[in-house]
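Here is what each chain is made of, one letter per residue.
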Amino acid sequence: MTTSASEAPLELRTLVHALRIATRDSPDAAFVIDAEGTLQMANAHLCSSLGHAEHEIIGRPFGASSRSTDPEQIRAAIARSLSGEAARYRGTGTTPSGEPFVAEVTLLPLRIGDEVVGVYGTSINMTAIERHDVEARQSDDLVRLAGRLARFGGWSVDAETEAVTMSLGARVILDIDPTLTDITELAWARMADHDRAVMESLVHQCLTEGAPFEVEKTMFSTTGERLTVRTIGEAERDSDGRVMRAYGAIWDVSDMAAARERERALEARLSLTLNSIADGIIFTATDGSIIFANQHAIDLAHRAESDVVTLTLDDLFAGDDGEGFRECFASALATKQRGAYRGVMFAPGQWIECTAFATNDGLAIYLRDVTDDERARAIARHAQAKVEQQAALLDAARDAIIVRDLDYRVHFWNKAAEDLYGWSRDEAMGRRVSELIYNDTTQLDHASAITLRDGYFSDEINQVARDGRPLVVDCRWQLIPNPDGEQTLILAVNSDITEWRREQDARLRAERMEALGTLAGGIAHDLNNVLTPILMSVQLLALDEDDAHRRDMLASTETAVKRGADMVRQVLSFVRGVDGRRIDVDVNRLVDEFVAITRDMLPEGIQLTVNRAPHLSATIGDPTQLQQVLVNLAINARDAMEGSGRLTVTANELDIDEGYLSVSHSAAPGRYIVIGVEDSGHGMSSQVQEKIFEPFFTTKPPGKGTGLGLATSLAIIRSHGGFMQVYSEPGHGARFLVGLPVGEHVVRDQAPLAESRNSVPRGDSELILIVDDDDTIRRVAAVTLESHGYRTLSASNGREAIDLIESGDHVVDLVITDMMMPIMDGAATSAYLEEHHPRIPIIAASGFTAGGPETAAIGLGISRFIAKPFTTSQLLTSIRDTLREHRSAEGVDDE
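For the structure given in this document, a descriptive report is provided here. Counting restarts for each chain: residues are numbered from 1 in the order of the written sequence. Local features in this predicted model are restricted to residues of pLDDT 70 or higher, and side-chain atom pairs are both shown and tallied only at a pLDDT of 80 or more, whereas totals for entire chains, interfaces and linings draw on every residue. In computing side-chain properties, one takes all heavy atoms of the structure into account and sets aside hydrogens as well as water.

## A word on the overall build of the protein chain
Cut-off, in case you're wondering: Each helix corresponds to a stretch of at least 4 residues labelled H or I by DSSP, and each strand to a stretch of at least 2 residues labelled E; elements are numbered beginning at the N terminus. Accessibility here uses a 1.4 Å probe with only protein chains present; expressed as a share of the type maximum, an area under 20% marks a residue as buried, one over 50% as exposed, and anything in between as partly exposed. The contact rule is simple, with two residues in contact once any of their heavy atoms fall within 4.5 Å. Each accessible area value is a Shrake-Rupley result obtained with a 1.4 Å probe; residue values ignore everything except the protein chains displayed when judging cover.
Counting its secondary structure elements, the protein chain contains 31 helices and 32 strands. The buried share of the protein chain, reckoned over its 895 residues, is 43%. Across the protein chain, contacts joining residues at least 24 apart in sequence account for 56% of those joining residues at least 6 apart. As displayed, the protein chain has an accessible area near 46800 Å², and 52% of this comes from carbon and sulfur atoms.

Encoded structure:
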């Protein structure tokens, strides 16, 4: 069954029509074949070559009309092109006069969206060229046969001698005698003069700096044949990292280079053809940059050719007039479907109709000047103005629709307006909207002025209902003619967005609160660093002070410093909050409330699934903090799924044994309630999973997260005697488990022991390494420790500390490190020491905390955490207890 041109799909017929116009005067034969192999278009040159008029061969199989001596070759090439690949073959046939001919035929698939609907072909008469080639090949074939069997080879250059060696394959390419041993000069002489300096520079950089390279240059064989050769090279190093030689491969790509030149010639022919079309044609890349614009497109845009090819579509179709065109292009590119739009563009009153087709690497855009068309349509629209006006006032709309005059008096009030504002239609008709739905007419007056000036208004306006309820309304107002044709009426379409605006404002407040938390954390860190040396210095001075009056002054100073530290903690508790109550928590209710909160905050594209045991045991803790942890996990899951996916919440009970401890975060054996939050988002790599519980680590873009969510969550769960665990793979989502001990296993709050100056522990000449970027803290801490029986070393960052330890000059018994430092911070330092020097216990200190030790010791391999500012007693007690525990773990008696 064959298909005539009139029976082909509409979109294919459109393409055929455009190509018929484009190739009408082409010097080469051009044709279009549909998916069934039927000829749909043949230009004048092809019809002349075949000896038929176009109407005589349209609708017939191409193979039957081509006068080819090898129809099987034609069918195979067409089938390949219909499968989506470009095909090219050189075929033979006879002219109508019986003379033999040779033609080079190129077939390109025609696509509509992702579907191949036909083939566009061009044919170039190669009869004279083929005759010359045959004569030349007869004399050269035997000589070239051996060379064509090996067109790839290896090379190397020694770093010391700079001697060049080549494999047999490389020598064959360059016709170098395989028996020659020293070919250095001969090899370099193969380079064209203008390329040799470049290649020598690349090889030199490879030998001296180890820089790899890949380059395509002209070379000559020893017989003088010009070659296009692609050379790749890289450095080979010895065990010490020194470059021993540069080595790589050469590849004769002369045929490929010649093919590129043919493609460039074909592109030039296509450009000539496209410029002969009477309408505008534009081709773009996927990023919107303009690759080609024919002369008519340039004329329609009223720009110079040199300007157009430097622009993107957004630049060319800029401004309000271009918005519809830009949306059309974006839709065609995204959906791979044909897009169409018409509107005023490039000049006042100039109407342009565009049709956009997605290609493999961008868009093909067809532009037509339809100004005359649009004028005719405008006349028709004017004749139906009254009908359209009435249709715009349909009473079934869900938005409030009001028609009023320029004096604000109501001419129409639909049912939705009655529901929104509380005024019936009879009550509203004839009254001023300024009296009905406005407490302040400033916005009304401003919006009306814009409507009169521009003909249209769109923005949010504050209004009020009859019962006094404030409303936020999204208004779209249009200036329309009255029955006499005068522009004296305004059509208002108002949508109630009060709740949406309230939610947006609440979200903004939450974001400001998060910013406040970040700011407060930074201030707290700096203030605590300032307070720490003051507090320690005051206590140190008090030890040797006998004067009662001075001791009172020092005590007052100490009290003031502690009060300042308490104020910092209170601010952080307000914005972050970690310490909390310890009460009975109904986990069933906790999970129910969490699920309800999660449903409200998830977008429509995310499905929530809940799988939970029917009756869960209770735990002891702070329900607000536990809810904070679960909601934080849900927010992270929502963000990871970017608007669509599946969120699964599970809850059950689990017995933890010794075997589970190796994969959990400090879980003690016992029975736990385990709550899981699993998403189908982008997942995480193992490297990210190692860091997600570190404070200030985040994978979110700048300004989207503080990096404290999971760190704080883990601190809260640990303070409840529980554990957290994460399972994830890239591309397979993430699953977080929160384990809470059943009531009898919970560790309750312990009141801090009162500080006693008379019971301050002393050291036994142990060597303490103090790591802090604050010089004052280092000096005061060193004096304090040395006055209580310890020896000290100091370092301003983790790198200096590690260098001191690994120098071998000191045997460090314990490290005290700040968490935030330049060059190498406390987290990285602790991780390094834990891996390379596990015998050295670590105490971490930071002014960046809002709670007790549990809040800050966040999986960093540290033995203890002390929050700045700390007292002398806290510092000495932490050192004593840490050393005692360390010795006990190593089996050393602690006297």
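## Brief notes about the nonpolar core
Basically, it comes down to this: For this analysis, a nonpolar core means a set of buried residues of the types Ala, Val, Leu, Ile, Met, Phe, Trp, Tyr and Cys, connected via side-chain atoms within 4.5 Å.
L647, I692, F693, M724, F736 and V738 are the most contacted members of the largest nonpolar core, which has 40 residues in total. Mapped onto this core, the elements with two or more residues apiece are α23 (587–601), β22 (606–612), α24 (623–641), β24 (645–656), β25 (670–679), α26 (709–719), β26 (723–728) and β27 (734–741). Tallying contributions element by element places α24 first for this core, with eight residues. Leave out the neighbours within four places in its chain, and V738 touches V629, L630, L633, I673, V674, I675, I717, F723 and M724. Counting 27 residues, the second-largest nonpolar core is a separate cluster that includes A400, A417, Y421 and L444.

## Concerning the pattern of salt bridges
This is how it is decided: Any carboxyl oxygen of Asp or Glu within 4 Å of a side-chain nitrogen of Lys or Arg constitutes a salt bridge here.
Within this structure, the stated rule accounts for 35 salt bridges. With its nearest N and O atoms 2.8 Å apart, the salt bridge here joins E72 to R75. Taken together, the positions of E72 and R75, both in helix α5 (residues 71–82) and three residues apart, correspond to about one turn of that helix. Looking at E72, the relative accessible area reads 49%, which means it is partly exposed. Because the salt bridges share partners, they merge into one network encompassing R342, E353, R368, D373 and E374.

## A look at the packing of aromatic side chains
For clarity, the threshold we go by: Stacked, edge-to-face and tilted labels apply to pairs of Phe, Tyr and Trp rings (six-membered ring for Trp) whose centres lie within 6.5 Å, assigned for plane angles under 30 degrees, over 60, and everything in between, in that order. Here, over-ring charges are defined by two tests on the NZ atom of lysine or the CZ atom of arginine: distance to the ring centre within 6 Å, and angle to the ring normal within 35 degrees.
One pass over the full model with this rule turns up nine aromatic pairs. Geometrically, the ring pair formed by Y672 and F723 is edge-to-face, given 5.2 Å between the ring centres and 70° between the ring planes. Within this pair, whereas Y672 is found in strand β25, its partner F723 is found in strand β26, the two being separated by 51 residues in sequence. Accessibility classification places Y672 together with F723 in one group, the buried group. Chaining the aromatic ring pairs together yields one cluster made of F317, F325, F329, Y341 and F346. The ring of W477 carries R404 above its face, with NZ or CZ at 5.1 Å from the centroid. Here the basic side chain of R466 rests over the ring of W423, its NZ or CZ set 4.1 Å away from the ring centre.

## Side note on unusual backbone geometry
A positive phi is found at E162, a non-glycine position, where the angle reads about 60°. Examined against the element boundaries, E162 turns out to sit in the loop between β6 (152–158) and β7 (164–166). Here H302, not a glycine, exhibits a phi torsion of approximately 55°, which is positive.

## Quick look at a negative patch on the surface
In plain terms, the rule: Note that patches include only residues with greater than 30% relative accessible area and no salt bridge, and the join distances are 9 Å for like charges and 5 Å for nonpolar side chains (Val, Leu, Ile, Met, Phe, Trp, Tyr). A residue counts as positive if it is Lys or Arg and as negative if it is Asp or Glu; His and the chain ends are not included. In this description, the location of a charge corresponds to atom NZ of lysine, CZ of arginine, CG of aspartate or CD of glutamate.
Together, D320, D321, E323 and E327 make up a negatively charged patch on the protein surface. Given the relative accessible area of 47%, D321 is considered partly exposed.

## Side note on the sheet that holds strand β29 (residues 791–795)
Pairing between sheet strands relies on hydrogen bonds along the backbone, with the strands arranged either parallel or antiparallel. The criterion, for reference: Should DSSP find at least two bridges between two strands, the strands are taken to pair. Interaxial angles span 0 to 180 degrees and are taken between N-to-C directions of axes, which are lines fitted to C-alpha atoms, for helices over the stretch in contact.
Taken together, five strands build an open sheet; the order of strands is β29-β28-β30-β31-β32 and the sheet is parallel. Among the strands making up the open sheet, the edge pair consists of β29 and β32 (864–867). The sheet shows a mean angle of 20° between the axes of neighbouring strands, taken without regard to direction. Bridge count between strand β28 (residues 767–771) and strand β30 (residues 814–818): four bridges; the pairing is parallel. Bridge assignment links V771 to a residue of β30, and that residue is T817. This element, helix α28 (residues 798–806), spans β28, β29 and β30 of the sheet and lies at about 155° to β28. Sheet strands in contact with helix α31 (residues 872–889) are β28, β30, β31 (842–846) and β32, and its direction is about 175° off that of β32.

## Quick word on the pairing of β31
Of all five residues in β31, five are buried; the element is thus mostly enclosed. Burial of the side chains of β31 extends over both faces: I842, A844 and S846 are buried on one face and I843 and A845 on the other. As defined by bridge partners, β30 adjoins β31 across four bridges and the pair is classed as parallel. Residue pairing in the sheet places D818 in a bridge with A845 of β31.

## Topic: the packing of α24 against α26
As a reminder of what qualifies: Two helices that cross are described as forming a left-handed crossing if the nearer one is turned anticlockwise from the farther one by less than a right angle, and a right-handed crossing if clockwise.
Look at α24 against α26: their axes get within 9 Å of each other, and the N-to-C directions meet at 145°. Here α24 runs over α26; the crossing is left-handed. Counted together, Q625, L626, Q628, V629, N632, L633 and N636 of α24 and G709, L710, T712, S713, I716 and I717 of α26 form the full contact between these two elements.

## Re the environment of M536
Within the element layout of this structure, M536 appears in helix α21 (residues 498–543). When its relative accessible area of 0% is taken as the criterion, M536 is described as buried. Through-space distance from the C-alpha of M536 to that of A781 is 7.3 Å; in sequence the pair is 245 residues apart.

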